[in-house]
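Fold and geometry: a report
Spelled out, the chains give:
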Amino acid sequence: MGEFYIEGGRPLDGSLRVQGAKNSVLPILAATILHRGTSVLKNCPRLRDVEASTEILRHLGCRCRWEGDALVVDAAGVDRWDVPDRLMRSMRSSVIFLGAILSRCGRAELSMPGGCELGPRPIDLHLAALRRLGAVIDEGGGRLRCEAPELVGRELTLSMPSVGATENSILAACGCEGTTVILNAAREPEIADLQRFLNAMGQRVRGAGTSTVTVEGRRPTRDAVHTVMPDRIVAATYLAAAAAAGGDVELQGVDYRHLSTVTAALHEAGCQIHSGGDSIRIRSQGRLRGIRPVRTAPYPGFPTDAQAVLMAALLRSRGVTVFVENIFDSRYRHVDELTRMGADIRVEGRVAVVCGVDRLQGAEMACTDLRGGAALAVAALSAEGESRLTAIHHIKRGYEDLARDLRLLGAQVEER
Ligand code: UD1
C-alpha cells in the first residue's frame, strides 16, 4: 500500500465532477438481492467498500460485473443466506445485508460487527426493528442467527434515527406481508436514494427523507436501472480543501441542498459560495476566521462525516471554533495527527476547541479512519512544505482517487 506525499501552500483552481455516494450505494447493493434478476447501478463509485459488498454478493450467489461506470448485479442465483466472518469484518456496514437477506431468504446468518475506528458500533436498534417485524434472532458466540419464516408489516419506532437501522428496516419490510410504517426514521438523503432504487425495482416505499417511511411488502420486483446520487461528503471534503488551501473551485454533479450546513459554515468562515443547478463554486483566500460552534447532528444537521474536514480547514483560521461531536464516541482520532503540523486543538470528551494558528508545517501523519484521513490531506494542502500520509487504505474506503482529484485542482499530491 502506498503513501500520499502532499506539498502544501498552493491554491486550488479548477472544476471537478464528484463521484457517486458510498453511503448510498452500499445499502442499494444489499437491496439488489430482493430481485431475482438484474439491477444496473450507474455512477457507482469504485471503492474498497464497494469491492467488499460485491464479494458478499458473489458469496450469496450473485454475478457482478462492471460496464463502464455501472455495476451490474444479477441476483437470480442467490442460494446462500450467510455472510462469513471474514467478509463481515472487511466492512462494518455489512450488517445492512441482514434485512435484505431476510427479505429474500427468510433466514440469515452473519457475524456480529464489532467496534470500529469510531468507537463501539452497536446494532441493537437494527435487531429490535427486525424482531418487531417477526424475525427470531439468536445472538450466541459472536454470530447472529435469524429465522423469519413469516415477516409481518407493522408500525415500528426507532428509539434513535439511526441511518443503518432505518435502511435495514426498509429492506426487511420489503419482504413483509402487509404494510410497515417506520417512525423516527433517519432523514439522510441516502435513504431517499435507496427508496428511489427500490421503487424503480417495483417496490412501493414512501416518505424516505422524512421521519416516517411507509413500505408495502411483498411487491413483485423487476429489473431496474438506477443512477447513484452524488457523494455529499466527498463534496464537503473538496470544499474544505479549497477553503483551506485558498483558490477558486467548482464542484459539478452535486446537490447543493444536501450540503447547506457545510456551505453555511464555510461562508461564515469567510469563503464565497455560489450554488446553483448541480454545482457549487467556492472561492477562498486560504486564511479563514473562527465560526460559531459546530454541532454534529442527524440530517439535516451538520454531518458527523464532515466534522474532521471542516476542522482541518479551520486550523489556520483567525479565532477559535468549538466542535461538539454528538453522533460517535470516538471521532477525534485525527486530532493528534493534526497537532503534528502545529495545529492547536484541545479535546475534552465530545468537545474539541480549535484555536487558529498562523502557519502549519508539513509533517508525517498516519490516517486513523476514513474521514479523519481525508482531513489530514486537507490540512496538508494548507501547510508549508511536504507532508507524508501513511495508512491511506482508510481513505480508499470512501474516495475513488483522492490524489487524482486534488491534482486535477492543481494540488501537488503523489501516491508512492
Ligand atoms: C451511517 C453512515 C456513516 C455516518 C453515520 C451517521 C453508512 C454506510 N454509514 O452509519 O458514514 O457517519 O450514518 O450519519 O451509511 N446506534 C446505536 N444502535 C444501533 C445503531 C446505531 O446505538 O443499533 C448509534 C451509533 O453507535 C451512533 C449513532 O447511533 O452513535 C448513529 O449511528 P447510525 O446513524 O446508525 O450510523 P450508521 O448507519 O452506522
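Overview of the structure.

1. Observations regarding the nonpolar core
General note: in soluble globular proteins, nonpolar side chains tend to be found buried as a group. Judged by nonpolar contacts, the single largest core of 75 residues is most densely connected at Met311 and Leu389. Ranked by residues supplied to this core, first place goes to helix 8 (residues 232-245) with 11 residues. In contact with Leu389, not counting residues within four places along its chain, are Glu3, Phe4, Ile6, Met365, Cys367, Gly373, Leu376, Ala377 and Ile395. Within the second largest apolar cluster, 71 residues are counted, among which are Leu29, Leu87, Ala165 and Phe197.

2. Side note on the sheet that holds strand 5 (residues 70-74)
Across the sheet, 4 strands lie side by side as 4-5-3-13; this open sheet has mixed pairing. Only two strands of the sheet have a single partner each, and these edge strands are strand 4 (63-67) and strand 13 (224-227). If you compare each strand with its neighbour and ignore which way they point, the axes differ by 15° on average. Pairing analysis gives 4 bridges linking strand 3 (residues 38-42) to strand 13, with the strands arranged parallel.

3. Digging into the packing of helix 4 (residues 97-105) against helix 6 (residues 163-174)
It is the contact of helix 4 with helix 6, at a shortest axis distance of 7 Å, that shows an interaxial angle of 5°. Taken together, helix 4 and helix 6 sit at an angle that is classed as roughly parallel. In this structure, helix 4 contributes Leu98, Gly99, Ala100 and Ser103 to the contact, and helix 6 contributes Asn168, Leu171, Ala172 and Cys174.

4. Points about the site of the ligand
In the vicinity of the ligand there are 17 residues, among which Asp124, Leu125, Ser162, Asp305 and Ile327 approach most closely. A distance of 2.7 Å is found between a nitrogen atom of the ligand and a side-chain nitrogen or oxygen belonging to Asp124. In the model, an oxygen atom of the ligand is placed 2.8 Å from a nitrogen or oxygen of the Val163 main chain. Protein chains bury 83% of the 740 Å² of accessible surface belonging to the ligand in isolation. Elements with a minimum of two residues in the shell around the ligand: helix 5 (124-132) and helix 6.

5. A short note on the layout of surface pockets
Taken as a whole, the second largest pocket encloses approximately 310 Å³ of empty space. Taken together, 18 residues form the lining of the second largest pocket, with Ser103, Arg104, Cys174, Gly175 and Arg218 sitting closest to its centre. Per-element tally for the lining of the second largest pocket: the top contributor is helix 4, with 4 residues. Per-class residue counts for the lining of the second largest pocket are 8 nonpolar, 5 polar and 5 charged.

6. Regarding the sheet that holds strand 1 (residues 4-7)
Reading across from one edge, 21-22-1-23 is the order of the 4 strands in this open sheet, with mixed pairing throughout. What marks the edges here is a single partner per strand, and that holds for strand 21 (364-366) and strand 23 (412-415). Strand-to-strand twist of the sheet, defined as the mean angle between neighbouring strand axes without regard to direction, takes the value 20°. Where strand 1 meets strand 22 (residues 386-390), 4 bridges bridge the pair, whose relative direction is antiparallel. When the bridges of strand 22 are listed, Ile6 appears paired with Ser387.

Reading the values: the criteria
- Residues numbered from 1 in each chain as written.
- Predicted model: local features only at pLDDT ≥ 70, side-chain atom pairs only at ≥ 80, totals over all residues.
- Heavy atoms only, no water.
- Core = buried A, V, L, I, M, F, W, Y, C linked by side-chain atoms within 4.5 Å.
- Buried < 20%, exposed > 50% of the residue type's maximum accessible area, 1.4 Å probe, protein only.
- Helix = DSSP H or I, 4+ residues; strand = E, 2+ residues; numbered from the N terminus.
- Contact = heavy atoms within 4.5 Å.
- Pairing = 2+ DSSP bridges.
- Axes fitted to C-alpha atoms, helices over the stretch in contact; angles between N-to-C directions.
- Parallel < 35°, antiparallel > 145°, perpendicular 65-115°, else oblique.
- Near = heavy atom within 4 Å.
- Polar contact = N/O pair within 3.5 Å; in protein donor to acceptor, adjacent residues only side chain to side chain.
- Areas by Shrake-Rupley, 256 points an atom, 1.4 Å probe, with all protein chains shown as cover.
- 1 Å grid on protein atoms, 1.4 Å probe; cavity = no way out; pocket = protein on both sides within 12 Å on 5 of 7 lines; lining within 4 Å.
- Points joined across faces, edges and corners; volume = space filled by probe spheres on them.
- Nonpolar A, V, L, I, M, F, W, Y, C, P; charged D, E, K, R; others polar.

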